[in-house]
Amino acid sequence: MSTEATWDLYANYSPRSLCVFPLNSSSSSAQTPTSLAAGASSTVAVVYGTDRGSLHYRCYRTNSPTSPATRTGFLSLGRMSGGQQQSANSVLSSSSGAPTTGTGSNSTRIAAPLGMTGNPGGGGATSSGSSGNQRGSAGLPAATALPRMLYPVDLGSTSLPGPVISCIWINGDGVYLHNNAGLSLPPLFLVLVDDPRGSSAAQPGAYGAYWVSLQHGAFHVLNTNNRIPAFALPRLSAAVAAHGRVYATAGRSVFTLRVPTSALASLTETPDRRGSNSNSNSNNRGNANSKKKTIPQLQFGPRVWPGPVRCGPDALAVVAEGRVVVGCVGHAFYAVAGEEIHRDEDDDDNADDIDDEQYNTRALFAPTSSKNAIGGSVASDGGSSSVGGESSKNDCVKLVHWTQSSQVHPAVALDLGDASLEPDWSSVFLANGRECAVVDLYYGPPSQPRLSGSNKPRNGIVTTASPILAAAASWPFVAILMSDGLISVRSPSCVAVSLRTVEIGTRPNDFFTLRPVVAPGTSTIYKKSFWGEPNESSAISSTWMLPWIVGISYAGEAKVLQCRPDTAQDLADRLMRHAIDAFGGNGFPRTDLAKAVQASFTATSYVGPEATPQARILLKEYLEAVLGLCDWESGASSGWPTHDTSAIGTGSGSQSNTLAAAGGEGGGFQGKWMAEHGGANADKRRKHLFSSVLTASQPAALLTSTALLCLVASQLSPPAAALASRAAKACASEMGVVLSSHVDESAVLVGQQVTDQLLRESSQGFSLVRTPKTPTIPRVHRPLQVSTDYIEASIWLLRSCGQHESAMEVAAERLQQNPTSDSSKGSASGTGVRGGQWSRIKYESYTATHLSELWCCGQEDARELVLRSAATHSLLESNPPLGLSVFTALHPQNESQWRNASPRDDPFRSTDYVYRVVSLLKSILPKVPYDKNSNPVHSETYGKKNSSLPLESGRALAVSFLESAMGISTCRPVNNLHNEAAIPYQIPPSDQEDSHEERVANFHDELALLLLEGVISERSDEIAPSGEEDTELGRIYRAKLRHLLRWPLSKVRPDRILDSLPPSFLPEKALVLGRLGKHEEALKILYRDLKSLDLALEYCDDRHNRQQTFFEKQRARTMGTSGMLQDGVLSVSSPLAANDENNAYLPLIRVALESEDTEKGCAAAIQLLALRRTAIDRAAALRLLPPEIPVSAVARPFLIPALVDSESLVRRLTVVSALLRARYLRLKEQLTSAQLKAQANLQVVPQIQSLNLGEPLHSTKPFRARTSGGGSSGSSSNMPEVWIVKHFFPRHLVIQARVTNQAGLSEKTGRTLTDIAFVVAESSEEAIQPLLQVPIAVLPSSMTGSTWCVLSAAPTRMEGSSAQLTCELRYTTVGQGGDIVALTGQSSLPDMMGKSHVEELQDLEVHASNFS
């Protein structure tokens, strides 16, 4: 905070109250948010009361540059250059027409009010007279012209009966006054005066209350006019205007006041205006009242406070959107909720006449059974408050009770307007004497609201050095004025820490009050604009404003102060000083911390007092707020504004790792706010707003702050172990995967020394951390209750320092449970190193997660660390599945993920690391025995004989890793097949080219060889029947090997695998031959050598399925061309028309027929034909059969079923073709109907629109066209009905012929007409000639369409007054069966093309006058 300007109030008497509000100099009436935000310059208005009962009105102008950074003198947070900052600082001190006195800085310059010059107390400052008002204009230059509202106004000392204690601007904060006509009323003030009458049982208020209006350049005290009882007010103790209402309290009661708008409006109107508008107002009174927007009043229970409420200008606060009032009673603050009162419609007629009086006076101190009584009225002793017969349920909730007794100094209650709170929560700043606190309270939900306070104030009750006189809240700042003349600016998240302190007065108790100056149009910015709701000024709502605060002294001087955000240096120096206070000069790594955060020399050399527990608690609270770790019930965030540190000059060295550099967007509070402000989801923005000051963009500051928080948490009494663990984990999560080279060395040393201290304290001198320097943190020789949280905090800190190996070593030694009972006893006795409390599975899960994060970060150093770490080997040996997940975490795990994967997600993208991982896994010897019941479940793509592979060897680990990388075990989709259906496999790359594809093929070969090795190693030594020599594990390996050889995406090199196969691996050899395209040789092995028709048929089925998959995808790509159904017949390129060359089963028939046992081979061939007759080319299969096979042997199993299937297929396809054709014709007819409707509109026809004719002059009524009987063939029976409409344009004539097809209706046959055109064959005038024709392509029976004829016209060139147009209708009648041809547009036989007709119509007459 800094003093930006000094205002001379020109006061003859000592001020006692202050009211500040913004004005717009371009308007002379009361302002609304729209008018306030729209002006090019703004003016701050000040109204203050004195100890002599006088009121004074002063205005001070502020410049309003067009730049949002200095709008209306209220600086926007963030990116401002030095010039902008200097210019903005002088905004309030330099005002047009207001000279300044003195030289130097802004704080020494004194600005005079607008419209007033000369010495204080000179002419125009005060005056006497009957009205007690005078505009101060003495000494004003004649050339200066100001609006009347900007001139000073004074109310004499005899106008109010005592010192003015409080002055409240009623027009502000949502309370906008309007009369019946909807016009804005002049400013109105509620003034509390310490008159000599005193309080009584009937009038328990401490002060007299008066309505004071400012209009026509003068103050008007309205209460003195007894002829208008609506202005009468009871005595009040405190009042505040907020949320559209005026809240007041007196004695033990709280209530809302009704503003006398009607009476004020009648007083405002002049006699002439009142006389001219009396009749209209009386006639329209009901309508005007019905259109007014009224805010319902609130009802509070009778005598709601436990005692008389304390009085004062800031003793009352309103929160929860105006539904809860907070006040001070004795030494405690209480909150009470009100209930809204909705008046009956019958009361609206007299509301403006009598309700103000009844509401504010008589009903206040009468029982509330009256119909017009307000809620919260003060009943007599033992009385009750009720509305509509229902008893009110207003409970008083105690918020805080002060430990010190002080009623000499004022009580302060302020609504903070915290925008980061959860819904239905509010926060208030409370102060009394030398104590203050921030308290959260809850009032909700809206359906059944209840009022409750938080368990305790935020960070407890704070005690200041001097008594608190006043405070001003402008979230996220709280400015506290103390009796010693100092103003301390604090954050609600940590009110115990002073961000800045400014000396405002030269002597104690000089300045007595503070008021925030809200930028025009931003009175509700914190509650509305932040959440994306509509705001009156989009330009202002898009910029967060820094608050300005005005303080006033008894000497008549006002100072304007600006709350400034923390700079990077402020944060660093404050952290350094608080650390010295908490730990002492040598109780922490002081030098390393100073280097890490780049603290100034002044802060580093600071010699603080002796370390105390209170200083450590203060450091803990401050670090919690800075790091965003405050855990409050209300959900409030813990950050506060900081400068956008990306605007700070970049330095050298490690500055990017300090508090002094944000590193771009999101670098601190402001960066996060600006990034979140543009989002669409308000809840997400609120959740992330101001979450922390320090982010990952300042790794050194974040790490050192977290380390200090962990250190101070361990030295508290009792220690806060959970806080240390939570803070360290949050830091590691924010920073992500950090390597030691990424963080400043000094910050790493701080983290290491703190970690070493935590581990030594928790194990009584034993630590696993090796620090390069001698520890500087002294041991605290006191029993520390060891908690796993400290060890976890140490591990997270080591990870943030980039010391991952040390972190894993600590976790292994200190967190695992000791399996021996002796160690457990030793741990219980407190000697030696305490055993860990983590179970084995918890430790292994943590280690796997840690290693997986390192592996998945993509950094080479991190991956090298994982490959060489002893924790990796230990995890793979103790828990192979969990250890394997470290390397497979980035692999797609299902078909959907494979389909959505990009080339960057390819597990084989970095083949070097794959080689190293495979080598590592092959070297592992797991310690876990093979457990048949604990095998993980794999995908079903392996086949019927598939079983999961137990990870009991390094070979099994390598196999599982390669399968996951290839996608064979995770359902990788087969979408890259070879173009030829005969060989649907991936083509392996050439051996001569050392490319990426070749290296990938090497991994496929490696997997095949590993599986082959597994089969060979698991073969039984005992003699067993053929096919049963494999063990259970061997059968799993063999099934996986066969699946790999069958997999279409496999890139196995068949020649290499073929050379490696032992002679007994005949099924595998057949699969390899199949990959080479040698299907007959493969089938010979299966059928002849293995003598298994089932294996051979399974081979053919697998090949056929791959072909069908390929054909289906090819058909989907080429649908609409060669693969479509046409006329119910399959096209030649259809997949179903398989030929001899591609058929998967014909090679097996040939192999069976060529076998040595001819009879058995023929039987097998016939059996194969019978089983797969739908998938075999029947003609090719019959040609393969020997001639000597009788027809009877083939007829029953093959020929007869094949013929039946063929005939059935033809019938089905014929029906499908007919259905599709009928559907096509129906859709075509619907399209034709839609086209005809569109063509009937003159503005839609494209050919006419291209002429740009514009709008027609006029159009004729439709008339029926008749034939002349002179056609080429006479009037045809197919002649359609024609109606003609003529559309005239300035230089064109458009003739529309509406044609209705009636051909064939008499014979009930219905014919389709095509190529229908209306033609102007001849014109009697050369000035009118045909230009364009738009025919009807197809017109089905009984339908109507429009054909157009456009003629160019030159009316001035016409020889006569009219022209005759010879017209014809030309069309073609489609013959029988030709309607389908006409609709489909396909050519057919000549007799179906129809017959052309030309019908001569009666001549049309066109007059020259029609074109004008």
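Definitions and limits used
- Residues numbered from 1 in each chain as written.
- Predicted model: local features only at pLDDT ≥ 70, side-chain atom pairs only at ≥ 80, totals over all residues.
- Heavy atoms only, no water.
- Helix = DSSP H or I, 4+ residues; strand = E, 2+ residues; numbered from the N terminus.
- Contact = heavy atoms within 4.5 Å.
- Areas by Shrake-Rupley, 256 points an atom, 1.4 Å probe, with all protein chains shown as cover.
- Expected span 1.5 Å × (residues − 1).
- Buried < 20%, exposed > 50% of the residue type's maximum accessible area, 1.4 Å probe, protein only.
- Axes fitted to C-alpha atoms, helices over the stretch in contact; angles between N-to-C directions.
- Parallel < 35°, antiparallel > 145°, perpendicular 65-115°, else oblique.
- Pairing = 2+ DSSP bridges.
- Salt bridge = Lys/Arg side-chain N within 4 Å of Asp/Glu carboxyl O.
- Core = buried A, V, L, I, M, F, W, Y, C linked by side-chain atoms within 4.5 Å.

Novice: Give me the lowdown on the overall build of the chain, citing residues and values where you can.
Specialist: Each helix and strand in the chain was counted, giving 38 helices and 44 strands. Contacts spanning at least 24 positions in sequence make up 69% of the contacts within the chain whose residues lie at least 6 apart. Of the roughly 62,100 Å² of accessible surface on the chain, 49% is carried by carbon and sulfur atoms.

Novice: So what's going on with helix H14 (residues 699-714)? Residues and values would help.
Specialist: Here H14 contains 16 residues, and its C-alpha end-to-end distance of 23 Å stays within 8% of the 22 Å for a straight helix at 1.5 Å per residue. H14 sits mainly inside the fold: 16 of its 16 residues count as buried.

Novice: I'd like a rundown of helix H28 (residues 1032-1046), residues and numbers included.
Specialist: Between the first and last C-alpha of H28 there are 21 Å, a value that for 15 residues agrees with the 21 Å anticipated at 1.5 Å per step. H28 sits mainly inside the fold: 11 of its 15 residues count as buried. On the buried face of H28, the contacting elements are helix H26 (954-966), helix H27 (996-1017) and helix H30 (1066-1075).

Novice: Can you break down the packing of helix H22 (residues 870-878) against helix H23 (residues 880-888) residue by residue, with the values?
Specialist: Relative orientation and spacing of two packed helices are given, respectively, by the angle between their axes and the distance between those axes. At a closest axis distance of 5 Å, the pairing of H22 and H23 adopts a crossing angle of 135 degrees. The angle between H22 and H23 falls in the class oblique. Seen from H22, the contacting residues are Thr872, Leu875, Leu876, Glu877 and Ser878; seen from H23, they are Pro880, Leu882, Gly883, Leu884, Val886 and Phe887.

Novice: An account of the sheet that holds strand S29 (residues 477-482) is needed here, citing residue identities and associated values.
Specialist: Strand order in the open sheet formed by 4 strands is S28-S29-S30-S31, with antiparallel pairing between adjacent strands. This sheet does not close on itself; its edge strands, each paired only once, are strand S28 (468-474) and strand S31 (494-503). Shown here is a sheet whose adjacent strand axes are inclined to one another by a mean of 25 degrees, direction ignored. In this structure, S28 lies alongside S29, joined through 6 bridges in antiparallel fashion. From the neighbouring strand, alanine 472 faces S29, where its bridge partner is alanine 479.

Novice: Which residues make up the pattern of salt bridges, and what are the values?
Specialist: Evaluation of the coordinates by the stated rule reveals 33 salt bridges. Ionic pairing is found between arginine 1038 and glutamate 1068, a salt bridge with its closest N-O pair at 2.9 Å. With arginine 1038 in helix H28 and glutamate 1068 in helix H30, this pair connects stretches of sequence that are 30 residues apart. This pair shows no difference in class: arginine 1038 is buried, exactly as glutamate 1068 is. Across the pair arginine 1370 and glutamate 1368 runs a salt bridge, and its minimum N-O distance is 3.0 Å. On the basis of relative accessibility, which here comes to 36%, the residue arginine 1370 falls in the partly exposed class.

Novice: I'd love a proper account of the pairing of strand S23 (residues 411-415), names of residues and values included.
Specialist: The element S23 is extensively covered by neighbouring structure, given that 4 of its 5 residues are classed as buried. Bridging between S23 and strand S24 (residues 425-432) involves 5 bridges; their strand directions are antiparallel. Bridge pairing links alanine 413 to leucine 430 in S24.

Novice: Outline the sheet that holds strand S10 (residues 208-215), listing residues and values.
Specialist: Ordered by their spatial adjacency, 4 strands build an open sheet running S8-S9-S10-S11, and the pairing between neighbours is antiparallel. Since the sheet does not close on itself, it has two edges, and those belong to strand S8 (164-169) and strand S11 (218-221), each with one partner. Shown here is a sheet whose adjacent strand axes are inclined to one another by a mean of 30 degrees, direction ignored. The pairing of strand S9 (residues 188-193) with S10 spans 6 bridges and is antiparallel. Bridge pairing links leucine 188 to serine 213 in S10.

Novice: So, the nonpolar core: which residues are in play, and what are the values?
Specialist: Counting residues in hydrophobic clusters, the biggest one holds 90 residues, and the most contacted among them are Phe887, Leu921, Phe961, Leu962 and Ile1149. Contacts of isoleucine 1149, omitting those with residues within four sequence positions, involve Ala1165, Leu1168, Leu1169, Ile1176, Ala1181 and Leu1184.

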